[in-house]
Amino acid sequence: MDFTFTEEQQAAAEAARGVFAGVAPDAVPSPSLVPGAVAEDFDRALWAKLAEADLLSLLLDAEYGGAGLDAVALCLVLRESAKGLARVPLLETCAAAAAVQAYGGAELRSALLARAGRGEVVLTVAANGRTGHDPAELAVSARQDGADWILDGVQTAVPWAHNADFVLVPARTAADRTVIAVIPRVHDGVVLGEQIATTGERLGELRLESARIAGRDVVEAEGAWEWLRELLATGTCALALGLGEQVLAMTSEYAGKREQFGHPIATFQAVAVQAADRFIDLRAMEATLWQAAWRIASGAPGALPASGDVAVAKVWASEGVRRVVQTAQHLHGGFGADVEYPLHRYHAWAKHLELSLGPAAAHEEALGDLLAAHPLG
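The notes below deal with the structure included here.

What counts, and at which threshold
- The numbers attached to residues start from 1 for each chain and follow its sequence in the written order.
- Since the coordinates come from a predicted model, pLDDT governs what is reported: local features require at least 70, and pairs of side-chain atoms require 80 or more to be given and counted, while whole-chain, interface and lining totals use all residues.
- Computation of side-chain values covers all heavy atoms of the structure but excludes hydrogens and water.
- Every axis corresponds to a line fitted to the C-alpha atoms, with the helix fit spanning only the stretch in contact, and the corresponding angles, defined between N-to-C directions, vary from 0 to 180 degrees.
- Only DSSP runs of H or I with at least four residues qualify as helices, and only runs of E with at least two residues qualify as strands; both kinds are numbered from the N terminus onward.
- In what follows, a contact means two residues having at least one pair of non-hydrogen atoms within 4.5 Å.
- Three labels apply to residues, based on accessible area from a 1.4 Å probe with only protein chains included: buried if under 20% of the type maximum, exposed if over 50%, partly exposed otherwise in between.
- The salt bridge definition used is simple: a Lys or Arg side-chain nitrogen within 4 Å of an Asp or Glu carboxyl oxygen.
- Two strands qualify as a pair provided that DSSP identifies no fewer than 2 bridges between them.

## Considering the packing of helix α3 (residues 71-83) against helix α7 (residues 269-298)
Thinking step 1. Close contact between α3 and α7 brings their axes to 8 Å; oriented N to C, the two are set at 145°. Seen from α3, the contacting residues are Ala71, Val72, Cys75, Leu76 and Arg79; seen from α7, they are Arg283, Glu286, Leu289, Trp290, Ala293, Trp294, Ile296 and Ala297.

Structure follows, in structure tokens:
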């Protein structure tokens, strides 16, 4: 394994830093001050800039106008996006498009991919199941009716569901296979209820009531959903890492200026030790993230399937980002809860990322199952 980034990956990260440099984390009302969603839509102006910088087509092949890069490049870009709490469906659109490219049929690829890379089509993924605790692929049933598929079920907490053009929905067949249906947001048999995330962003409860989907819009390839789920989880780890790095930087700056007893609090041993512990958390989050992203990108074999590396990364990301923001709040004192200061927003986003696609305990259980099935040594 080699964690040295290629020139192309570094160029993608540099382009992302340029695009996200002007993003303000407090560009919308604070979730602490509004009873509903902080905004009706995501940041469309930023979305256009991402498309112009070719960052929405990172994972797409040249025939679809893309750069043909990999999961590592996507994670580098996501890491930068989280530092400013960028309000865009970057992870969902890129991951969904990559899954369609890798596993979808020619007609579906032709209809979606180039447009998604140009930012003309927004994609999202229903990955949280019926309750957020059960497997997403078990929340919806799929049965064939001629050339079409009929879907029934409920998916909760679908990100950007009210603004995306298509939702990728995993569903289980009677033969115990998982397929992925690409469903238009406005479609017969599709009902969207509003939910609000900890971050204040709109989520959607997606109800499918005998929704009929053409066969060309259903991905039936074996392993497609598992691959997409692992890419989403790894991307979530990248978001947690970027957020945690920004929060620790904010805390360091504050502790270097805030004085007690005539000295900056950063010079106090108790403060320095807590900050050092959080730095260690971030380095562990980073190492496990790149391991997971590298396994997905390279397809390299290992002692465990790639899902094991993803589980380890998600455990560290979930617990690490929680510890980082909790320590930051503690060291900021009451200032950390001031709604005029952005730290409380980072805390809300961190909690959302911690629980997104399963908390640490769920991934520890999955890792235990893998270890039982693949004894080491």
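## Observations concerning the side chain of arginine 278
Thinking step 1. Mapping arginine 278 onto the fold places it in helix α7.
Thinking step 2. Contacts of arginine 278, omitting those with residues within four sequence positions, involve Leu248, Arg323, Val324 and Thr327.

## Overview of the environment of valine 77
Thinking step 1. In this fold, valine 77 is placed in helix α3.
Thinking step 2. Judged by its relative accessible area of 0%, valine 77 falls in the buried class.
Thinking step 3. Here the alpha-carbon distance between valine 77 and alanine 13, two residues 64 residues apart in the chain, equals 5.3 Å.
Thinking step 4. Once you skip the residues sitting within four places of it in the chain, valine 77 turns out to touch Ala12, Ala16, Phe20, Leu55, Leu58 and Leu90.

## Details of the pattern of salt bridges
Thinking step 1. This model, assessed by the stated rule, comprises 27 salt bridges.
Thinking step 2. One salt bridge in this structure joins arginine 177 and glutamate 220, with 3.8 Å as the shortest N-O distance. Linking arginine 177 in the loop between β4 (166-173) and β5 (178-184) with glutamate 220 in the loop between β8 (218-219) and α6 (224-257), this pair joins segments that are 43 residues apart in sequence.
Thinking step 3. Of the charged contacts in the structure, one is a salt bridge between glutamate 286 and arginine 283, with a shortest N-O distance of 2.9 Å. You can see glutamate 286 and its partner arginine 283 sitting in helix α7, three residues apart, about one turn around the helix.

## Focus: the pairing of β4
Thinking step 1. Counting buried positions along β4 gives seven out of eight residues, so the element sits mostly inside the fold.
Thinking step 2. Two strands pair when backbone bridges link them, and strand β2 (residues 140-145) and β4 are joined in this way by two bridges, in the parallel orientation. Bridge pairing in β4 links alanine 142 to threonine 173.
Thinking step 3. Counted along the chain from β4 to the antiparallel partner β5, the turn is four residues long, and its residue aspartate 176 has a positive phi close to 65°.

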